[in-house]
Amino acid sequence: MKKTTTKLADGRELLYFDADETAVRDAPDLRPLEPVTALSEIRRDPVTGDHVTVAAHRQGRTYLPPPDECPLCPSRDGRLSEIPAADYEVAVFENRFPSLARDAAAHVPGRPGPLFDLAPGAGRCEVVCFTADHDASFADLSEERARVVLDAWTDRTAALSALPGIEQVYCFENRGAEIGVTLPHPHGQIYAFPFVPPRTSRITARAAEHREAFGRNLFDDVVAAELADPVRVVIAGRHWTAFVPFAARWPYEVHLYPNRRVPDLTGLSEDERAEFPGLYLDLLRRFDRLFDGAGPTPYIAAWHQAPAAHRDELALHLELFTIRRAAGKLKYLAGVESGMDAFVNDVSPEGAAERLRAVGR
Ligand SMILES: [Zn+2]
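These figures come from a predicted structure and were not determined experimentally. (Residues numbered from 1 in each chain as written. Predicted model: local features only at pLDDT ≥ 70, side-chain atom pairs only at ≥ 80, totals over all residues. Heavy atoms only, no water.)

**Some details on the overall build of the protein**
Secondary structure summary: the protein contains six helices and 16 strands in total. The C-alpha atoms of the protein give 21 Å as radius of gyration, which agrees with the globular expectation for 361 residues (21 Å, within 12%). Dimensions of the protein, computed from C-alpha atoms along their principal axes, come out at roughly 60 × 55 × 40 Å. The buried share among the 361 residues of the protein stands at 50%. In the protein, the proportion of contacts linking residues at least 24 apart, taken out of those at least 6 apart, comes to 65%. (Helix = DSSP H or I, 4+ residues; strand = E, 2+ residues; numbered from the N terminus. Rg over C-alpha atoms; globule rule 2.2 N^0.38 Å. Buried < 20%, exposed > 50% of the residue type's maximum accessible area, 1.4 Å probe, protein only. Contact = heavy atoms within 4.5 Å.)

**A word on the side chain of His134**
Along the chain, His134 falls in the loop between strand S7 (124-129) and helix H1 (143-161). Assessed through its relative accessible area of 16%, His134 is described here as buried. A polar atom in the side chain of His134 sits 3.4 Å from the side chain of His185. (Polar contact = N/O pair within 3.5 Å; in protein donor to acceptor, adjacent residues only side chain to side chain.)

**Concerning empty space enclosed by the protein**
Following the criterion strictly, the structure yields one cavity of 30 Å³ or more and no others. Roughly 50 Å³ of internal volume is contained in the largest cavity. Counting residues per element, the ones that place at least two in the lining of the largest cavity are helix H3 (218-228) and strand S12 (252-258). Looking at which element gives the most residues to the lining of the largest cavity, the answer is H3, with three residues. Within the lining of the largest cavity, the residues separate by chemical class into seven nonpolar, one polar and three charged. (1 Å grid on protein atoms, 1.4 Å probe; cavity = no way out; pocket = protein on both sides within 12 Å on 5 of 7 lines; lining within 4 Å. Points joined across faces, edges and corners; volume = space filled by probe spheres on them. Nonpolar A, V, L, I, M, F, W, Y, C, P; charged D, E, K, R; others polar.)

**Comments concerning the coordination of the zinc ion**
Put simply, the ideal angle at a metal is 109.5 degrees for four donors in tetrahedral geometry and 90 or 180 degrees for six donors in octahedral geometry. Every protein donor of the zinc ion is accounted for by Cys70 (SG), Cys73 (SG), His134 (ND1) and His185 (ND1), and the metal-donor separations fall at 2.0 to 2.3 Å. Sequence spacing among the residues donating to the zinc ion works out to C-x2-C-x60-H-x50-H. With Cys70 in the loop between strand S4 (51-55) and strand S5 (90-94) and His185 in the loop between strand S8 (168-175) and strand S9 (187-193), this pair connects stretches of sequence that are 115 residues apart. The exposure classification of Cys70 matches that of His185, with both residues buried. (Donors = N, O, S within 2.8 Å, 3.2 Å for Na, K, Ca; no water.)

**Some remarks on the nonpolar core**
In this structure, Phe138, Trp153, Tyr280 and Trp303 are the most contacted members of the largest nonpolar core, which totals 53 residues. Viewed by domain, this core spans two of them, domain 1 (2-195) and domain 2 (199-358), each represented by three or more residues. If we skip the residues at most four places from it in the chain, Trp303 touches Trp153, Tyr170, Cys171, Trp240, Leu265, Phe276, Leu316, His317 and Leu318. (Core = buried A, V, L, I, M, F, W, Y, C linked by side-chain atoms within 4.5 Å. Domains from an automatic or database assignment.)

**Let's talk about the UniProt feature "domain: Galactose-1-phosphate uridyl transferase C-terminal" (unreviewed entry) in the protein**
What UniProt calls "domain: Galactose-1-phosphate uridyl transferase C-terminal" (unreviewed entry) maps, in this numbering, to residues 210-359. Between the first and last C-alpha atoms of residues 210-359 the distance is 35 Å; the span itself is 34% helix and 21% strand. (UniProt positions renumbered as here; feature names shortened; annotations may be inferred.)

**Brief notes about the sheet that holds strand S3 (residues 40-44)**
The strand order S4-S3-S6 describes an open sheet built from three strands, whose pairing is antiparallel. Because the sheet does not close on itself, it has two edges, and the strands there are S4 and strand S6 (117-120). Taken over all neighbouring pairs, the strand axes of this sheet differ in orientation by 25 degrees on average, direction set aside. (Pairing = 2+ DSSP bridges. Axes fitted to C-alpha atoms, helices over the stretch in contact; angles between N-to-C directions.)

**Comments concerning the pattern of salt bridges**
Per the counting criterion, the structure on display carries 29 salt bridges. For Arg12, the salt bridge identified is with Glu82, shortest N-O distance 3.0 Å. With Arg12 in the loop between strand S1 (2-7) and strand S2 (13-18) and Glu82 in the loop between S4 and S5, this pair connects stretches of sequence that are 70 residues apart. For Arg12, a relative accessible area of 8% corresponds to the buried category. (Salt bridge = Lys/Arg side-chain N within 4 Å of Asp/Glu carboxyl O.)

If you want it as C-alpha cells, here you go:
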C-alpha cells in the first residue's frame, strides 16, 4: 500500500492510501481557505461523571449539499473539493468542522470552579473517504479496497494514539440519512478522544470486575461462550467471529471479534487482516438484505479499541447495528432509552441471528 501525506490550503493534513503503488497524488489545494479555530471544550458532568464535548462552532457545517457540490468527491472539471486529486482510492483528512482539534480553545468565561471540570477539546477529528464514487457505499467496495480502508484505519490508529493526551482512537461509519449523515458520499470518521468515552468507561469497569471475580479476561470468555453454543453466531470465520450479543440493544446488532484478543487494529496479524474484508463485506450485504424493498439499511459501524490506560484488558471489536426494526419503521431512542439509558429491544437476539444467517449467500 502506498501512503501519500500532504496538506490542504488551510494547513489541515490530507493523506492518500492507494493499493496502486504507482499512484501519484500531488495536486495542490487551490482554494483560498482561511484556517478555522475550533471552539471546543470537554465538560465533565458532575452528577454522572460522563464527558460531554461542547463544540458550538459546528452549526455552520456543510449540510446535505447537492451532488455537484459534494466536498468529498475528487476535484474535477474546475470544481474544487476537499480532495485536490482528480481521483483517489482512500483519502483521509482533518475535518474542517471538528468537534475536537489540537488547537481547540475553551470559551467559558472565568474559572468554572472545582465541581465543574472543563478542558479544551484538544483531540482530533478526521474524515475517511472510502471511494471516489459518490453513489457507492461500503458494501459496494471490492475486497481489495476494503483492505485499503482497514490499512488506513490501522495507520491512523497508530498515528493518533501517539499524539500527546489522546486516550482513545475511535474509527466509525454512519450510513444513511436516518442516522443523521449530513454527506451522502461514502465516508467514515475517526475521533481521537482526549478522554475515555462513557461506553468504554463502563466496559473497562466490567472487564475489571470480571477479572476480579473469575481471574480471566471478559472478552475471551464472551467469545468462547458464544462459540460454544452458537445460537447467536452469524459468521464463524477462521480468524474472526460475528455474533448478535446476548443483550443486544438494537433490532439488528452484530459484534465482530478477532478470535485472538488484540487491543487495537495495530495488533492484527496478516492472516487476520486478510480475512477481515470478505467477512465484513458479507455482514454489510446481509444487513442490506434484511428489509425487502426498504432501500439500503442505515447502520452504525463502531470500532472499539483499547484506551491508552487499559491496553491489557479491552479487546478490539467492531459493533455494527441498525436503527431500522422493520421496513419503514425506525427504532427511536424514546423516553426509556434517552431518559434512562435503558434499552427496550423489540427483536429477540436469537431471532435476529437466525435471520442474519438466513440472508447470507
Ligand atoms: Zn461525492
